[in-house]
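Report on the structure
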Amino acid sequence: MAQDSGILGKFAAGTRALPWVALVCVVAVLFKLTILLVKRRKTIKQFEDFIGPPSHWLFGHGLELKQDGTNLDKTVEYGEKYPHAFPLWFGPFFCFLQIHHPDYVKTILTSTEPKDELVYRYIRDWIGDGLLVSHGQKWFRHRRLLTPGFHYDVLKPYVKLMSDSANTMLAKWEKYSETGETFELFEHVSLMTLDSILKCAFSYNSNCQTEGRTNAYIKSVYELSKLIQRRSRTFPYHSDFIFFLSPHGFRFRKARRVAFNHTAEVVRKRKEELKEESELDRIKAKRCLDFLDILLCARDENNQGLSDEAIQAEVDTFMFEGHDTTASGISFILYCLACHPEHQQMCREEITQVLGGKNTMGWEDLSKIPYTTMCIKESLRLYPPVPGIARHTTKPITFFDGRTLPAGIRVQTNVYGIHRNATVWENPNVFDPLRFLPENVSSRSPHAFVPFSAGPRNCIGQHFAMNEMKAATALALQKYELLEDPKWKPKLAPQLVLRSLNGIHIKIKPVEPSNTAARMAPDSGFFGEFAVGSRLLPLFALVCVVALLFKLTVLVVKRRKTFRLMESFIGPPSHWLFGHVLEFKQDGSDLDKLLGFGLKYPYAFPLWFGPFVCFLNIHHPDYAKTILASTEPKDDFAYRFIKEWIGDGLLVSHGKKWFRHRRLLTPGFHYDVLKPYVKLMSDSANTMLNKWEKYSETGETFELFEHVSLMTLDSILKCAFSYNSSCQTAGGTNTYIQSVYELANLVNLRFRTFPYHNDLIFHLSPHGFRFRKACRVAQNHTAEVIRKRKEELKEEKELDRIEAKRYLDFLDILLCARDENNQGLSDEAIRAEVDTFMFEGHDTTASGISFILYCLACHPEHQQMCREEISQVLGGKNTMGWEDLSKIPYTTMCIKESLRLYPPVPGMARNTTKPITFFDGRTLPAGSLVGTSVYGIHRNATVWENPNMFNPLRFLPENVSSRSPHAFVPFSAGPRNCIGQTFAMNEMKAVIALVLQRYELIEDPEWKPKIIPRLVLRSLNGIHIKIKPVQPICDQAEQK
């Protein structure tokens, strides 16, 4: 009982102390909470210069980032709205400045700021204080000691080891090539890179690819990688206390002990081997030096080496960084090549030529596969293995735009965001290896591509990684053809390395032997032919030299003749080789440069493109009248890029063929035919406007041209084929729509890429392959539609029955057109005219509408006057009628003024077939190239007062009558004017009216278009505006 009373006494004393314990706990929690709230307020103040997306007070942006494969694209979307950088909150207290522009990245990565502990502490328990996470003097000393370990003399023998590991993996893939089944890549590649890194780090043949993970050390390394990835994506595990009490924490500690003990034992044994002074030389004679040899022999200026603990940390760091990150890179490279067979084939041909049937990559082979290297870099751009790099500022940092970041801030370099930044990379989501041609690389910031980071803390092992990627990719492509499985699209997850939530899946099949071994077979007949060929080589070389000299002589004679042709026309000085090309920098200032020349050289001046091609650039109405009043043919130099697609249609044909086609097509643009099209145009416009609701709700800036281009494509398909494409809502899933869109983009790409002006270079390039493929799809589709429609129209009176059922489309008109001999158009001619209508009515009208909306956004006073006029005419209707088009004169004047400032076709080229004399007596001989600068005429200060000012009143009837009719030629003029100009104007009026009735357009001053003259007028940086819903008329009346 005495014992019991003692226990009860202690219990009673304990219960009396409980309130005090509870009070202390509450005070501690409140104290901690106060510190965190003060920290939060301080953080908000520190980020006051950086605007970002709205965040939840408790979850921050955690609710926006859903771990479903859309996180990275969400940050790219934020980046479009918040240029350069924006804050991201993870919960109520942790905030990172997310940077996604090269100029900001440069400031961070050129510093030696330490890595952020919040992100990298999960791996510190495994890899210790290695080069990845250390900082200060320790980092500097270790970096200096480790650098010799990545010298090319050390890396050379590793390529053979990497090839062996890759071949082991490829041998395992044979079963998939036989069955054709889809398989997951990352698991295989990860084992292969682990096998390779063990050979290079320890000289250790693990056989992990064939025997699996039976070895305890291999199991532990794999387990540690998996558990670190799991911990980074499991929010409660971010707490050390919760993680280490969990089953996963127990497994982590157990695996860490195994890995530590193994590394320590290997280090101990190797130190024993190296005890003798000259042992290193003997080892080097027997085998390659591995990473551990380098570490153990490294000495600083005081002859001090690394401690056992530091060596272990660096080996484990090398294991982690060289295994998982390289596996991610190789897996996505193979996936990208599976998705782009044309690039894959070009890589394979290059690799076959270099390897010549060998199944091992040599050190000297790595530099001989430039196209494969470009494909690898393009994949690393789209799928960087490390999607983000976190730093912690120790001192204030000022960026190039003057904004300052105080000390103590976490900064996240969003590598994925930089690599897909639309202000840095054109079409950033398109796989285009030619971005990495030397001339393209030199024109970009070196911080636009940072898969291995940059600056003093860049990845020390980047050459090791690139060598392994090249070797593995080359051997894979030599043996197998990689095929995409459309059912498996990777869902990207930004963990410590870039992963896919659902894996990375492809199919494979063996490469046809005819492409490789057959070419290398030692056939005596081949050698006999080679011997004969070698005797003919000198003769062949002589013929080539003579042909080259003859061609050069012809060109020089042509140049001298051109000089004589242009002697009456003075122009700006030109370079003897480049002409005026160096003056035009493709940066948005080219057209204004032409205006500057025009001020100095009135009426016209010669422009040289290289040493042999010269255009007379005319920029005055009186000169334009002389050219446009003639029927001179279009110049083939300018229009030949589209001829392969649209054929010899009305745009590019000439002579009797052009005259006959023009006469047959004219009825297709009669107002009775055009009337029902207005309803179709309105429907397409309303579909686009419904998509814009999200922008009106958020108030965010968006790019116009992409939306308008899809809308005009949708509209033209209805008018040309009676074809409801749903391309605005369904996207580019339809193969024909994909091909039309692809062709328009590739024609523009070819026009602005100088080497692609050569047919041979273009058609051998991946873009040329895509162009021909898209041409086939588009032309086959058009041919099939024509065939079916001809079947429908076989009966004599079928046309009348069709007209009773629906409107006549452009194809109906073409099929029923007859000349005076009752002869119609051939199927080939019909296809050419339909494809011409598709090109001219889609891209040019999209350019016009986009710039009209931009002009109205910049001039709200004119926008409001248009809106009032439109509201009065439509009276609440959401469809424009034919009769409404003539009732909006002020809107029409605004449309014309925008077409004056931003003509959709900025220039037209003709080739003179006979001498032409201008009004001032100067004569241009036959055979001259003439460029009519529509942009130059429309902004000619001798014709237009204040030509750069937006003033719709220029188009009042009394003002128009006092000007030359050739002062405003957005649709050309004369006999070869645009046959579809009424169609285009109707679409512009209908679209503008419906847009202004529904939305108020607002300029974003941060986005000024950089105008570039391509086949149609475009903007280098897009055409951006904001919108908000128009207030109902009753609300406006109340406000007034």
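All residue numbers refer to positions counted from 1 along the written sequence of the respective chain. The predicted origin of the model limits local features to residues at a pLDDT of at least 70 and limits the giving and counting of side-chain atom pairs to 80 or more, whereas totals for whole chains, interfaces and linings rest on all residues. In computing side-chain properties, one takes all heavy atoms of the structure into account and sets aside hydrogens as well as water.

Right, let's talk about the overall build of the chain for a bit. Of the regular secondary structure elements, the chain holds 44 helices and 22 strands. Seen through its principal axes, the chain has C-alpha atoms that stretch 120 × 95 × 65 Å. Each residue's exposure class comes from its accessible area (1.4 Å probe, protein chains only) as a fraction of the maximum for that residue type: buried when under 20%, exposed when over 50%, partly exposed otherwise. Among the 1040 residues that make up the chain, the fraction classed as buried is 51%. Contact definition: two residues touch when any of their heavy atoms are within 4.5 Å. Residue pairs in contact within the chain that sit at least 24 positions apart in sequence constitute 74% of those at least 6 positions apart. All accessible-area figures derive from a Shrake-Rupley calculation using a 1.4 Å probe, and residue coverage is judged against the displayed protein chains alone. Split by element, the accessible area of the chain, about 48100 Å² in all, is 58% carbon and sulfur. Positive: Lys, Arg. Negative: Asp, Glu. His and the chain ends are not part of the count. In plain terms, the charge of a residue is placed at NZ if it is Lys, CZ if Arg, CG if Asp and CD if Glu. Looking at the chain, you have 129 positive and 114 negative side-chain charges, and the mean spots of the two groups are 2 Å apart. Each helix is a run of DSSP H or I of at least 4 residues and each strand a run of E of at least 2, with the numbering of both proceeding from the N terminus.

We now examine the packing of helix H16 (residues 308-339) against helix H21 (residues 462-479). Lines fitted to C-alpha atoms define the axes here, with helix axes fitted over just the stretch in contact, and angles between the N-to-C directions of these axes take values from 0 to 180 degrees. Remark: H16 packs on H21, axes separated minimally by 10 Å, with the N-to-C direction vectors making an angle of 40°. Considering their axes alone, H16 and H21 lie oblique with respect to each other. Handedness of the H16/H21 crossing: right-handed. Of H21, the residues touching H16 (which contributes Phe318, Gly322, Thr326, Gly329, Ile330, Ile333, Leu334 and Leu337) are Phe464, Ala465, Glu468, Met469, Ala472, Thr473, Ala476 and Leu477. In the scheme used here, Gly and all other residues not listed as nonpolar or charged are polar, with Ala, Val, Leu, Ile, Met, Phe, Trp, Tyr, Cys and Pro taken as nonpolar and Asp, Glu, Lys and Arg as charged. In terms of residue class, the contact of H16 with H21 is made up of 11 nonpolar, four polar and one charged. Roughly parallel refers to an angle under 35 degrees, roughly antiparallel to one over 145, roughly perpendicular to one between 65 and 115, and oblique to any angle outside these ranges. The crossing is said to be left-handed when, going from far helix to near helix, the turn is anticlockwise and less than a right angle, and right-handed when the turn is clockwise.

Here we come to helix H3 (residues 102-109). Side chains three or four residues apart in an α-helix point the same way, a direct result of the helix having 3.6 residues per turn. Three or more residues of H3 are buried, namely Pro102, Tyr104, Val105, Ile108 and Leu109. Taken down its axis, H3 places every buried residue within 155° of arc, on the same side. Contacts from the buried residues of H3 go to strand E1 (85-90), strand E2 (94-99), strand E4 (388-392), strand E5 (397-398), strand E7 (410-414) and helix H19 (415-419). By definition, the arc is the one covered by directions from the helix axis to the C-beta atoms.

This paragraph deals with the packing of aromatic side chains. Here a pair means two rings of Phe, Tyr or Trp (six-membered ring of Trp) with centres within 6.5 Å. Their orientation is stacked below 30 degrees between planes, edge-to-face above 60, and tilted elsewhere. Under the criterion given, the structure shown has 45 aromatic pairs. Put simply, the rings of Phe150, Tyr158, Phe291, Phe318 and Phe464 touch in pairs and so form one group of aromatic residues. Lysine and arginine charges are scored as sitting over a ring when NZ or CZ, respectively, is within 6 Å of the ring centre and within 35 degrees of the ring normal. The lysine or arginine in question, Arg559, covers the ring of Trp608, its NZ or CZ lying 5.1 Å from the ring centre. In this structure, Arg939 is placed above the aromatic ring of Tyr902, and the distance from its NZ or CZ to the ring centre is 5.4 Å.

Another point: the nonpolar core. Side-chain atoms within 4.5 Å are what join buried Ala, Val, Leu, Ile, Met, Phe, Trp, Tyr and Cys residues into a set we call a nonpolar core. The biggest cluster of nonpolar side chains holds 125 residues, and the ones touching the most others in it are Trp173, Met469, Leu482, Trp645, Tyr677, Met838 and Phe983. Once you skip the residues sitting within four places of it in the chain, Leu482 turns out to touch Leu334, Leu337, Ala338, Gln344, Arg348, Leu477, Ile506, Lys507 and Ile508.

Strands sit in the order E12-E13-E18-E15 across an open sheet of four strands; the sheet is mixed. Taken across any chain shown, the strands that pair with only one partner, and hence form the sheet edges, are strand E12 (604-609) and strand E15 (907-911). Strand-to-strand, the axes of this sheet are offset by a mean angle of 30°, without reference to chain direction. For two strands to be treated as a pair, DSSP must find at least two bridges joining them. Of the pairings in the sheet, the one linking E15 to strand E18 (residues 929-933) comprises five bridges and is antiparallel in character. The residue of E18 that forms the bridge with Ala909 is Gly931. Helix H24 (residues 590-600) rests against E12 and strand E13 (613-618) of the sheet, and its axis sits at about 135° to E12. Docked against the sheet, helix H25 (residues 621-628) engages E12, E13, E15 and E18, running at close to 130° with respect to E18.

Turning our attention to the sheet that holds strand E8 (residues 480-484). Here we have three strands laid out as an open sheet, ordered E3-E11-E8, and antiparallel in their pairing. The open sheet has two edge strands with one neighbour each: strand E3 (183-184) and E8. Bridge count for E3 against strand E11 (residues 505-510) is two bridges, and the pairing is antiparallel. Paired with Glu184 across the bridge in E11 is His505. In this fold H16 packs onto E8 and E11, with an angle of close to 80° to the strand it touches most, E8.

Before going further, it helps to spend a moment on the packing of helix H31 (residues 704-721) against helix H43 (residues 981-998). Contact geometry of H31 with H43 gives a least axis separation of 12 Å together with a crossing angle of 130°. Judged by the angle between their axes, H31 and H43 are oblique. Helix-helix and strand crossings are classified by hand; for H31 and H43 the assignment is right-handed. Packed against H31, whose contacting residues are Met711, Thr712, Ser715, Ile716 and Cys719, the element H43 presents Phe983, Glu987 and Val991 at the interface. Across the contact of H31 with H43, the residue classes tally to five nonpolar, two polar and one charged.

Among the surface-exposed residues, Trp576, Leu577, Phe578, Val581, Leu582 and Phe609 lie close enough to one another that they form a single nonpolar patch of about 560 Å² accessible area. Turning to its location among the elements, Leu577 is positioned in the loop between helix H23 (524-565) and H24. Exposure above 30% relative accessible area and the absence of a salt bridge qualify a residue for a patch, where like charges join within 9 Å and nonpolar side chains (Val, Leu, Ile, Met, Phe, Trp, Tyr) within 5 Å. By convention in these notes, a salt bridge is any Lys or Arg side-chain nitrogen within 4 Å of a carboxyl oxygen on Asp or Glu.

What follows concerns the confidence of the model for the chain. Across the chain, the average pLDDT comes to 85, with 91% of residues at or above 70. Predictor confidence is given residue by residue as pLDDT, running from a minimum of 0 to a maximum of 100. With pLDDT under 50 throughout, residues 514-533 is counted as low confidence; its partners more than four residues away or in other chains account for seven contacts.

Attention shifts here to the pattern of salt bridges. Tallied over the full model, the rule gives 44 salt bridges. Among the salt bridges present, the one from Asp164 reaches Lys160, with a minimum N-O distance of 2.9 Å. Remark: Lys160 and Asp164 occur in helix H7 (residues 158-172); sequence separation between them is four residues, near one turn of the helix. Classification of Asp164 by relative accessible area gives partly exposed; the value is 27%. With a relative accessible area of 44%, Lys160 lands in the partly exposed category. Each of Glu64, Lys74 and Glu77 takes part in salt bridges that share partners, so that together they form one network.

With that out of the way, let us pick up the environment of Leu224. As for its placement among the helices and strands, Leu224 is situated in helix H11 (residues 216-233). Note on Leu224: relative accessible area 0%, which makes it buried. Sequence separation between Leu224 and Leu18 is 206 residues; the distance between their C-alpha atoms is 42 Å. Ignoring any residue separated from it by four or fewer positions in sequence, one finds Leu224 in contact with Trp126, Phe252, Ala255, Arg256 and Ala259.

Across five bridges, E8 lies against E11 in antiparallel orientation. Residue pairing for E11: Glu481 is matched across the bridge by Lys509.

Here the expected span of a helix is defined as 1.5 Å times the quantity of residues minus one. With 32 residues, helix H38 (residues 827-858) extends 47 Å from end C-alpha to end C-alpha; this agrees with the ideal 46 Å at 1.5 Å per step. Within H38, 29 of the 32 residues are buried, which leaves the element mostly enclosed by the surrounding structure.

Residue position: Trp173 is located in the loop between H7 and helix H8 (174-179). Judged by its relative accessible area of 0%, Trp173 falls in the buried class. When the C-alpha atoms of Trp173 and Lys509 are compared, they prove to be 9.6 Å apart, with 336 residues separating the residues in sequence. In contact with Trp173, other than residues within four places in its own chain, are Phe183, Leu185, His188, Leu334, Tyr480 and Ile508.

Right, let's talk about the side chain of Ser163 for a bit. You can see Ser163 is positioned in helix H7. For Ser163, a relative accessible area of 0% puts it in the buried group.

Moving on, we come to the state of the cysteines. Cysteine sulfur atoms are paired as a disulfide whenever they come within 2.5 Å of each other. For the coordinates displayed, the defined rule picks out zero disulfides. Not part of a disulfide, Cys347 finds its nearest cysteine sulfur in Cys375, a span of 3.5 Å. Among the residues examined, Cys347 registers a relative accessible area of 0% and is labelled buried. The thiol of Cys816 is unpaired, and the distance to the nearest cysteine sulfur, on Cys719, comes to 17 Å. Residue Cys816 is classed as partly exposed on the basis of its relative accessible area of 32%.

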